[in-house]
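Observations on chain architecture
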Amino acid sequence: MISPPRIQENVFLGEMNSLGIAARARYFVSVTSLEALREALNWASAESAQPLILGGGSNLVFAGDYQGLVIRMANARRCWEHVDGDGATLVLGAGENWHDVVMYAAAAGYRGIENLALIPGTVGAAPVQNIGAYGTELRDTLLEVSALDRHTGHEVTLTNSLCHFSYRDSVFKHEPGRYVITTVRLRLSRSRPFSLDYRDLAEYFDGQDARCLTPLDVANGVMAVRRRKLPDPSQLPNAGSFFKNPVVALDTWHSLQQSYPDIAGHPGDDSAKVAAAWLIDQCGWKGYRNGRVGVHNRQALVLVNHSNGNGQDVLALADRIRRDVEARFGIALEMEPGVVGSP
Ligand code: EPU
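Not measured: the values here are computed from a predicted model.

With respect to the secondary-structure elements, Arg 111 resides in the loop between α2 (98–107) and β8 (132–133). Buried Arg 111, no salt bridge; nearest opposite-charge side chain is Glu 114, N-O distance 6.4 Å. Beyond its immediate chain neighbours, meaning those up to four positions away, Arg 111 contacts Leu 188, Ser 189, Arg 190, Ser 191, Arg 192, Pro 193, Phe 194, Leu 213 and Pro 215.

And the structure:
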């Protein structure tokens, strides 16, 4: 068996997934360069060890131990390119911490990602689910992604349109395992207007003149709003929103509104996004605790690991919630995190 010394065996992943699930990786390697990534993938194929690319582990549920090779992307890189009068391109290694990057760009006076402060995870994971919050999505500023295409073995560049972004979705979800994101380029600006219309943010900045705010003020406001409503994974392990907000046809939305006049959601031109948190809350799940796992008491969309819950506990709870919502509203909730490992 080829066993480069960098590859560790039987590695504990509890601190590498934000749900704090005590899974183990049969093989594990942390990579900081494209070469090391290629080497790790070659090793995995020679050993028939299924690779799993891990970023911050904030959008994953370990159903059990992982029997293949976990490759942790740890390539840190931040540099500015094409700085002109107003704009600049921020080039980021996949292993950078997303929130640190938001604060770095905001402190430098650049706008575009300040609403995405405090989203856990790494830069490389951000395009996969097109992270979004408070009326902003990553696709609004993403210029291009560099990735290793495992079909060809070459590094490729995918422009924004080739990433096929939509709500919590991208080509990286449609072709799982094909691309390993190595670098992300964002186009930021010193003057683009802030997006402060989302209700919680509008309330926070109520009465303040947006022209007097800096990107750092907005990022700090977002952090305050998030801290009021969402649990900090380092205090109470969680994977953020556990379900996507379901998108329904407009006539379904109108009939739901007739039955439930206070239903929360965002109707658009040809479909509506229903607030999954509202649906779950209506079924009485908010604040529910079943020994080791539960539902957060301020945001029904977030499942939490109170103490040593395992992946099976979390998935069983998610299943009960999903069945309840479907029985009551006829809406099938789709899970947001991916499930890996085997029980
Ligand atoms: N609501 C309830 N009960 C709750 C929580 C919320 O009824 O327990 C209602 C609220 O009254 C509100 C509506 O649901 O009218 C929507 O709630 P909120 O504004 O908190 O947003 P969300 O749709 O639940 C989404 C994202 C979050 C993001 C916020 C803010 C998804 C799946 N989630 O949540 O993203 O922070 O909007 O933009 O789209 C994440 O992805 O991990 C995440 C936290």
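Considering all chains together, one arrives at 18 salt bridges under this definition. Taking the shortest distance from any N to any O, the salt bridge between Glu 35 and Arg 38 comes out at 3.4 Å. Residue Glu 35 and its partner Arg 38 are both found in helix α1 (residues 34–46); the two are separated by three residues, about one turn of the helix. Given a relative accessible area of 51%, Glu 35 falls into the exposed group. Relative accessible area serves as the criterion here: at 25%, Arg 38 is assigned to the partly exposed category. The salt bridge partner of Arg 292 is Asp 313, with a shortest N-O separation of 2.8 Å. Placement of Arg 292 in the loop between β17 (289–290) and β18 (293–295) and of Asp 313 in helix α8 (residues 311–329) is noted, with a sequence separation of 21 residues between them. Owing to a relative accessible area of 36%, Arg 292 belongs among the partly exposed residues under this scheme. Judged by its relative accessible area of 23%, Asp 313 is partly exposed. What you see here is one network of salt bridges that share partners, running through Glu 81, Glu 144 and Arg 185.

With 19 residues, α8 should reach 27 Å at 1.5 Å per residue; the first-to-last C-alpha distance of 27 Å fits that figure. By the burial criterion, the buried members of α8 are Gly 311, Val 314, Leu 315, Leu 317, Ala 318, Ile 321, Val 325 and Phe 329. Burial along α8 is one-sided: seen end-on, the buried residues are contained in an arc of 160°. What points out from α8, more than 90 degrees from its buried face, is the exposed set Arg 323 and Ala 327. Turning to α8, the residues buried within the fold contact β4 (60–62), α6 (250–259), α7 (276–282), β18, β19 (302–305) and β20 (338–340). For α8, the side-chain oxygen to backbone nitrogen distance between the N-cap and Gln 312 is 3.0 Å, and the N-cap itself is Asn 310. Positioned one or two residues after α8, Gly 330 has a phi angle of 70°, which is positive.

Okay, the pairing of strand β11 (residues 154–159) next. For strand β10 (residues 142–149) and β11, the ladder comprises six bridges, and the chain directions are antiparallel. When the sheet's bridge partners are listed, Ala 147 is paired in β11 with Val 156.

Looking now at the packing of α2 against helix α5 (residues 215–229). For any two helices packed against each other, one specifies the inter-axial angle together with the distance between the axes. Across the interface, α2 lies against α5 with an axial gap of 7 Å and an inter-helix angle of 150°. Taken as a pair, α2 and α5 cross one another with a handedness that is left-handed. Contact residues: His 99, Met 103, Ala 106 and Ala 107 in α2; Pro 215, Leu 216, Ala 219, Asn 220 and Met 223 in α5. The residue makeup of the contact of α2 with α5, split by class, is seven nonpolar, two polar and no charged.

Moving on, we come to the environment of Gly 93. Its place among the elements puts Gly 93 in strand β7 (residues 87–93). Among the residues examined, Gly 93 registers a relative accessible area of 1% and is labelled buried. Residues Gly 93 and Tyr 27, 66 residues apart in the sequence, show an inter-C-alpha distance of 23 Å. Leaving out residues up to four positions away in the same chain, Gly 93 has contacts with Asn 75, Arg 77, Val 123 and Thr 182.

We now examine unusual backbone geometry. Positive phi values are uncommon outside glycine, yet Asn 10 reaches one of about 55°. Tracing the sequence through the fold places Asn 10 in strand β1 (residues 8–12). Its identity is not glycine, yet Arg 168 carries a phi of approximately 50°, on the positive side. Following the sequence through the fold, Arg 168 ends up in the loop between β11 and α3 (171–174). Residue classification places Arg 168 among the buried residues on the basis of a relative accessible area of 16%.

This part is about the packing of aromatic side chains. Under the definition given, this model contains eleven aromatic pairs. Centre to centre, the rings of Phe 172 and Tyr 179 are 5.8 Å apart; their planes meet at 85°, and the pair counts as edge-to-face. What makes Phe 172 buried here is its relative accessible area of 8%. Ring geometry for Trp 278 against Phe 329: centres 5.8 Å apart, planes inclined by 55°, an arrangement best described as tilted. Highlighted residues: Trp 278 in helix α7 and Phe 329 in helix α8, separated in sequence by 51 residues. Residue classification places Trp 278 among the buried residues on the basis of a relative accessible area of 13%. Within the aromatic cluster, the residues linked to one another by ring pairs are Trp 80, Tyr 104 and Tyr 110. Over the ring of Tyr 104 we find Arg 78; its NZ or CZ atom is 4.7 Å from the centre of that ring. In this arrangement the basic side chain of Arg 190 is found over the ring face of Tyr 110, its NZ or CZ atom lying 4.4 Å from the centre.

Reading the values: the criteria
- Residues numbered from 1 in each chain as written.
- Predicted model: local features only at pLDDT ≥ 70, side-chain atom pairs only at ≥ 80, totals over all residues.
- Heavy atoms only, no water.
- Helix = DSSP H or I, 4+ residues; strand = E, 2+ residues; numbered from the N terminus.
- Buried < 20%, exposed > 50% of the residue type's maximum accessible area, 1.4 Å probe, protein only.
- Lys, Arg positive; Asp, Glu negative; His and termini not counted.
- Salt bridge = Lys/Arg side-chain N within 4 Å of Asp/Glu carboxyl O.
- Contact = heavy atoms within 4.5 Å.
- Expected span 1.5 Å × (residues − 1).
- Arc of directions from axis to C-beta.
- Polar contact = N/O pair within 3.5 Å; in protein donor to acceptor, adjacent residues only side chain to side chain.
- Pairing = 2+ DSSP bridges.
- Axes fitted to C-alpha atoms, helices over the stretch in contact; angles between N-to-C directions.
- Left-handed = near helix turned anticlockwise from the far one by under 90°.
- Nonpolar A, V, L, I, M, F, W, Y, C, P; charged D, E, K, R; others polar.
- Phe/Tyr/Trp six-rings, centres within 6.5 Å; stacked < 30°, edge-to-face > 60°.
- Lys NZ or Arg CZ within 6 Å of the ring centre and 35° of its normal.

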